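Observations on chain architecture
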Amino acid sequence: MGIHIVVCIKQTPATSNIQIDPVTGTLKREGMAAAINPFDEYGIEEAVRIKERLPGTTVSVITMGPPQAEESLREAIARGADQAFHLTSRAFAGADTWATSYTLFKGIQKIMKEKGPVHLVICGKQTNDGDTGHVGPGIAAWLDWPNIAYVKKVESVDEKEIVVHRMMEDGVDVLEMDLPAVIAVVKEINEPRVAGLKGKMAAKKAVIPKWNEADIEADKKSIGLGGSPTIVSKSFNPPPRKGGVKIDGATAQDKAKALVDKLQEMKLI
Amino acid sequence: MNYFLTEEQQAVVETAREIAEKKIKPVREKHDAEETFPWEIVEELKKADLFGVYFHSNYGGLGGAGFELVLVVEELSKACGGIALCLAATALGAFPIILFGTPEQKKRWLPDLASGKRLGAFAITEPEAGSDATATKCTAKKDGNFYVLNGVKNFCSNGESAEIYSIFATTDPKRGARGISCFVVEKGTPGFTFGKKETKMGIRASTTYELVFDNCRVPAANMLGKEGYGLFVAQATFDISRPGVAAQALGIGTGAMNEALAYAKVRRQFGQSVLSFPSSQHMVADMATSLEAARALLYSVTRAMDVDLKAAVDASEQSGKTVYEELKRVSSGRWTKYSGMVKLFCSDTSFWVSDSAIQLCGGIGYMRDFPVEKFLRDAKITQIYEGTNQIQRNEIGMMITKELAAKPA
């Protein structure tokens with residue numbers, strides 16, 4: 001029977017070394033090679049792995065972006081997705097995460113209207129150019145579906161529910177969630193495959209529908225720059241977080257002693 | 001150099017190259033040091049459909065032939081000639097079935113070999129039968145609808161890892177060369193076990209095993225070709241498989257040169273890049289020229305062979321006759337001379353180029369933690385297996401003599 005998965009991807013600069021325009025405070029995109037956002041590659045791979053273990057599953061891919069973003073959709077098909085949908089219009093340009101998640105939500109609704117129910121939406125945890133991590137949970141809010149972000153493992157999935165491991169700073173949560181739902185995945189979840197020959201041939205032949213704001217019946221006040229409440233006052237690279245101190249020792253007693261010594265040395269106790 | 005690859009062939013090269021760079025390079029040192037089989041790479045090659053490039057589409061393949069196999073093996077071998085062998089040795093095991101399989105036999109085994117679900121292997125060598133296959137001691141005695149195999153085969157590449165084996169055994173020891181027959185034996189057949197695992201100089205990521213047959217009952221339906229025609233099967237297989245060894249050799253040589261160039265460029269002595277010295281540049285000129293000559297020969301021969309091979313494969317799918325029968329119809333002669341030439345030239349070139357690559361690097365090139373010395377160890381086998389280069393010269397010389405004799409004076 002299988003499920004229908006929609007993976008949301010974005011074409012971003014093909015490097016993690018993003019440059020910020022000092023005048024406008026936004027990203028420099030001109031002259032940068034483009035590729036699928038690295039976190040989205042894990043999303044595509046996980047969807048294809050679910051397809052391999054749950055027969056009858058279909059993987060759709062959607063992106064919002066300029067005409068050249070179609071390359072990233074073909075790349076997703078080469079990596080095993082079945083079909084792709086391209087939301088593209090000048091009216092979508094300049095969208096913040098609110099308008100982006102709204103537009104993708106309308107696109108997913110259109111997919112459901114044309115291709116039948118969607119059971120699972122997969123996003124990368126964030127993009128390498130925006131770094132917000134808002135869009136996945138945002139789509140879930142628009143759809144009014146449950147969502148789990150920071151997913152590092154899909155333990156099981158069927159037509160009714162999904163069990164995932166969520167990566168937390170202090171450990172791992174194992175969570176069960178009814179479908180339909182949204183998950184956002186981290187890079188620890190898998191190692192993406194190299195696109196296969198059959199996939200590459202399929203990608204070359206694929207017909208990818210292009211949808212604009214009218215096709216997806218979007219509220220014009222909620223899309224693009226005009227529909228974006230966010231104002232970027234300043235962008236900067238955050239200073240790297242300092243690592244903690246690891247207390248070594250052969251036994252628990254040794255470690256406890258080392259910890260107490262350290263705290264006394266720092267005059268904290 | 002533009003070799004005018006088709007769009008599909010270009011995709012084959014790019015896919016194999018991506019796997020070589022991203023997946024094989026990070027693990028090649030570990031598999032070489034520990035002599036472990038690269039199952040994780042087998043998975044990558046399966047997902048990328050690379051096992052199927054030389055199979056007909058009726059078996060789930062891409063519909064290519066020898067040239068597509070050559071392209072894959074060359075690219076993988078640029079990273080590691082040992083790891084590339086999981087795919088190349090499968091091809092050697094598959095070719096007897098492709099050439100001599102009946103429609104039923106092809107349906108039984110080719111789909112799994114084309115998908116990589118099961119790996120293939122080929123075993124002709126025995127302790128006393130190397131270049132002289134007529135000295136085969138492993139026997140296959142007919143018993144009703146079965147043949148009972150007894151004896152050992154050794155130095156089997158992909159041994160133990162593979163599940164489908166093309167095995168040569170004598171069905172009539174009195175008839176010598178005309179008494180040998182070829183059988184497909186599947187892993188798990190009672191009486192078929194694995195003996196000694198070899199420890200090798202190079203291609204250490206490839207498992208090499210002794211195969212042991214102890215009253216192993218193989219269905220008569222598993223015989224490839226007719227009884228007593230085993231050496232025809234072996235010779236026809238080698239004619240089309242030797243370009244695969246040549247491709248492995250070419251990839252190894254090219255990989256060695258690439259590593260050496262990258263190092264020689266940044267290594268500074270006497271205040272300048274080592275690569276800027278005329279002595280280095282002359283070495284590099286000889287290496288690059290010979291590799292390109294090897295590539296040009298390999299590609300021309302394989303493409304010419306494929307014209308006949310593809311026509312025969314297509315005809316065989318229509319007629320139900322074997323590819324070998326169709327090959328005899330579409331082609332005027334055997335490919336022995338040219339396939340011997342590519343194997344000989346590419347492997348000899350690979351060995352001395354890998355040697356020069358170490359020399360170009362100096363002391364660091366000799367060290368195990370630098371990736372150059374391994375290429376020389378891997379290159380050596382290509383001068384030995386699928387017929388030593390002395391045997392290649394014998395065959396090439398014999399073919400030339402025959403051609404002369406056939407010409408009117």
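Residues numbered from 1 in each chain as written. Chains lettered and ligands numbered in written order. Predicted model: local features only at pLDDT ≥ 70, side-chain atom pairs only at ≥ 80, totals over all residues. Heavy atoms only, no water.

**Side note on the overall build of chain B**
The secondary structure content of chain B amounts to 11 helices and 10 strands. Its C-alpha radius of gyration of 21 Å places chain B within 12% of the 22 Å reference for a compact globule of 409 residues. Seen through its C-alpha atoms, chain B measures out along the principal axes to roughly 80 × 55 × 40 Å. Across the 409 residues in chain B, those meeting the buried criterion constitute 57%. Sequence-distant contacts, at least 24 apart, represent 75% of the contacts inside chain B between residues at least 6 apart. Carbon and sulfur atoms provide 55% of the accessible area of chain B, an area that totals close to 17,000 Å². Between the averaged position of the 48 positive side-chain charges in chain B and that of its 48 negative side-chain charges there is a distance of 3 Å. (Helix = DSSP H or I, 4+ residues; strand = E, 2+ residues; numbered from the N terminus. Rg over C-alpha atoms; globule rule 2.2 N^0.38 Å. Buried < 20%, exposed > 50% of the residue type's maximum accessible area, 1.4 Å probe, protein only. Contact = heavy atoms within 4.5 Å. Areas by Shrake-Rupley, 256 points an atom, 1.4 Å probe, with all protein chains shown as cover. Lys, Arg positive; Asp, Glu negative; His and termini not counted. Charge placed at Lys NZ, Arg CZ, Asp CG, Glu CD.)

**Description of the packing of aromatic side chains**
Residues and elements named next belong to chain B. All told, the structure shown has 23 aromatic pairs over all chains when counted by the stated rule. By way of ring pairs, the aromatic residues Y165, F192, F194, Y209 and F213 are connected into one cluster. One Lys or Arg, K380, reaches over the ring of F351 and ends 4.9 Å from the middle of that ring. (Phe/Tyr/Trp six-rings, centres within 6.5 Å; stacked < 30°, edge-to-face > 60°. Lys NZ or Arg CZ within 6 Å of the ring centre and 35° of its normal.)

**A word on the side chain of E35 of chain B**
All names here are of chain B. Mapped onto the elements of the fold, E35 is located in the loop between α1 (7-34) and α2 (39-47). Relative accessible area serves as the criterion here: at 12%, E35 is assigned to the buried category. Within the structure, E35 has its side chain in polar contact with the backbone nitrogen of K200 (distance 3.4 Å). Aside from chain neighbours lying at most four places away, what touches E35 is K30, K197, E198, T199, K200 and R204. (Polar contact = N/O pair within 3.5 Å; in protein donor to acceptor, adjacent residues only side chain to side chain.)

**What to know about the state of the cysteines**
Residue and element names in this part refer to chain B. Across all of its chains, the model carries 0 disulfides over all chains by this definition. Cysteine C86 remains unbridged, with the sulfur of C80 as its closest cysteine sulfur at 9.4 Å. The cysteine C138 is free of any disulfide, with C216 supplying the nearest cysteine sulfur at 9.1 Å. According to the relative accessible area criterion, C138 is buried, its value standing at 1%. (Disulfide = S-S within 2.5 Å.)

**As for the confidence of the model for chain B**
In the predicted model, chain B carries a mean pLDDT of 96, and 100% of its residues have values of at least 70. In the predicted assembly, ipTM is 0.80 and pTM is 0.86. (pLDDT = per-residue confidence, 0-100.)

**Looking at the interface of chain A and chain B**
Listed by partner, the interface residues are 14 residues for chain A and 17 residues for chain B. On the chain A side of the contact with chain B, V194, L197 and K198 of chain A bury the most area, a combined 48% of that side's loss. If you look at where chain A meets chain B, you find 2 salt bridges. Of the charged contacts, one joins E191 of chain A and K23 of chain B as a salt bridge, the two residues approaching to 2.9 Å between their closest N and O atoms. Between chain A and chain B we count 8 residue pairs in polar contact (both at pLDDT 80 or more) in total. For the side of chain A that touches chain B, the element with the highest residue contribution is helix α5 (residues 197-205) of chain A, accounting for 6 residues. Grouping the amino acids of the side of chain A that touches chain B by side-chain chemistry returns 5 nonpolar, 2 polar and 7 charged. (Buried area = accessible area lost by both parts, 1.4 Å probe. Salt bridge = Lys/Arg side-chain N within 4 Å of Asp/Glu carboxyl O. Nonpolar A, V, L, I, M, F, W, Y, C, P; charged D, E, K, R; others polar.)

**Comments concerning empty space enclosed by the protein**
Scanning all chains against the criterion turns up 1 cavity of 30 Å³ or more. Each pocket or cavity is described by its volume, and for the largest cavity that value is around 30 Å³. Taken together, L197 and K198 of chain A together with D49, G52, V53, G60, G61 and L62 of chain B make up the lining of the largest cavity. Across the lining of the largest cavity, the residue classes break down as 3 nonpolar, 3 polar and 2 charged. (1 Å grid on protein atoms, 1.4 Å probe; cavity = no way out; pocket = protein on both sides within 12 Å on 5 of 7 lines; lining within 4 Å. Points joined across faces, edges and corners; volume = space filled by probe spheres on them.)

**Brief notes about the layout of surface pockets**
All names here are of chain B. Of the voids in this model, the second largest pocket is the one considered here, and its volume is about 1,100 Å³. Taken together, 49 residues line the second largest pocket, and the ones lying closest to its centre are T125, I384, Y385, E386 and G387. Taken together, the elements giving at least two residues each to the lining of the second largest pocket come down to α4 (81-100), β1 (120-123), β3 (146-157), α6 (230-266), α10 (373-382) and α11 (389-406). Per-element accounting of the lining of the second largest pocket gives the leading share, 10 residues, to α6. Tallied by class, the residues present in the lining of the second largest pocket amount to 24 nonpolar, 15 polar and 10 charged.

**Quick word on the environment of T12 of chain A**
All names here are of chain A. With respect to the element layout, T12 can be found in strand β2 (residues 11-13). Placed 40 residues apart in sequence, T12 and E52 show a C-alpha to C-alpha distance of 28 Å. Other than its neighbours up to four places away in sequence, T12 contacts A33, A34, A35, I36, N37, P38, T127, N128 and D129.

**So, the packing of α6 of chain B against helix α7 (residues 278-319) of chain B**
All names here are of chain B. Relative to each other, α6 and α7 sit at 155°, their axes nearing to 10 Å. When the axes of α6 and α7 are compared, the pair comes out roughly antiparallel. As for how α6 packs across α7, the hand of that crossing is left-handed. Each of D239, I240, P243, A246, A247, L250, G253, T254, M257 and L261 in α6 lies in contact with α7, whose residues at this interface are V284, M287, A288, L291, A294, R295, L298, T302, M305 and L309. The residue makeup of the contact of α6 with α7, split by class, is 15 nonpolar, 3 polar and 2 charged. (Axes fitted to C-alpha atoms, helices over the stretch in contact; angles between N-to-C directions. Parallel < 35°, antiparallel > 145°, perpendicular 65-115°, else oblique. Left-handed = near helix turned anticlockwise from the far one by under 90°.)

**Considerations on the pattern of salt bridges**
All names here are of chain B. Per the stated rule, a full pass over the model turns up 42 salt bridges over all chains. Of the charged contacts in the structure, one is a salt bridge between R368 and E373, with a shortest N-O distance of 3.6 Å. The buried category is assigned to E373, whose relative accessible area is 8%.

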